[in-house]
Amino acid sequence: MGEVLLAPVRSLSAVAASVMEDVQAHLWWLGLPVLAGAVLWGVCGVWWRRRAHAALRHRTVVDLVPSRGFDPSVEEIGRHAARLARVPAAAGWLPRRASGVRMRHVSVEGKLATRLEGPARAAGLLRLSSFPDVDVLEADRGRSEVRPIRFTNIAPLGVTDNGQEG
């Protein structure tokens, strides 16, 4: 009776050995789809990075210059924030890092202004004026770079002449 129960176990091990032999014989066929998937993933990744770099090279820059009596209400500020939140959707199918909006505060002709930089596909949305007392100006691309301010022979704040924090 003990041998009757062991017979299916022996046949199961024989089946498992046969399956392993078949898998080993055709292992390269199983590796081919994995290799093709990895190559496809890499090609798509390179394409997506190039798309992001191209979108970052072509961005729209506008300056929002307020008038002297500029005093926005809470509703106007909310509408402006909602419009800026819609820029990535208006830009279309772009990588996330290329569809964002950058805001900077700059001085334009002696007035404090807000510089908006965003995807070229959403240029129309960036050029819309959200406030009645704000002029929208096209910014110079040459002036859109941030230039660091350097002070010669001046220690950073909190550091004395002998290098000790004070």
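Residues numbered from 1 in each chain as written. Predicted model: local features only at pLDDT ≥ 70, side-chain atom pairs only at ≥ 80, totals over all residues. Heavy atoms only, no water.

Caption draft 1: Just the overall build of the protein chain, in detail. Helix and strand counts for the protein chain come out as five helices and four strands. Of the regular secondary structure in the protein chain, the N- to C-terminal order runs α-α-β-α-α-β-β-α-β. Here the protein chain holds 166 residues, and the buried ones make up 23% of them. Within the protein chain, contacts between residues separated by at least 24 positions form 74% of all contacts whose residues are at least 6 apart in sequence. Carbon and sulfur atoms make up 62% of the accessible area of the protein chain, which amounts to about 12700 Å² in all. (Helix = DSSP H or I, 4+ residues; strand = E, 2+ residues; numbered from the N terminus. Buried < 20%, exposed > 50% of the residue type's maximum accessible area, 1.4 Å probe, protein only. Contact = heavy atoms within 4.5 Å. Areas by Shrake-Rupley, 256 points an atom, 1.4 Å probe, with all protein chains shown as cover.)

Caption draft 2: The arrangement of the side chain of E76 in detail. Following the sequence through the fold, E76 ends up in helix 3 (residues 74-85). Those residues in contact with E76, other than ones at most four positions away along the chain, are D71, F131 and P132.

Caption draft 3: Structural view of the packing of aromatic side chains. Scanning the entire structure with this criterion turns up four aromatic pairs. Seen in terms of ring centroids, W47 and W48 are 5.7 Å apart; in terms of plane orientation they differ by 50°. Their pairing is tilted. On the basis of relative accessible area, W47 is assigned to the partly exposed category, the value being 43%. Seen in terms of ring centroids, F70 and F131 are 5.3 Å apart; in terms of plane orientation they differ by 80°. Their pairing is edge-to-face. Linking F70 in the loop between strand 1 (59-66) and helix 3 with F131 in the loop between helix 5 (123-127) and strand 4 (134-138), this pair joins segments that are 61 residues apart in sequence. Given a relative accessible area of 10%, F131 falls into the buried group. (Phe/Tyr/Trp six-rings, centres within 6.5 Å; stacked < 30°, edge-to-face > 60°.)

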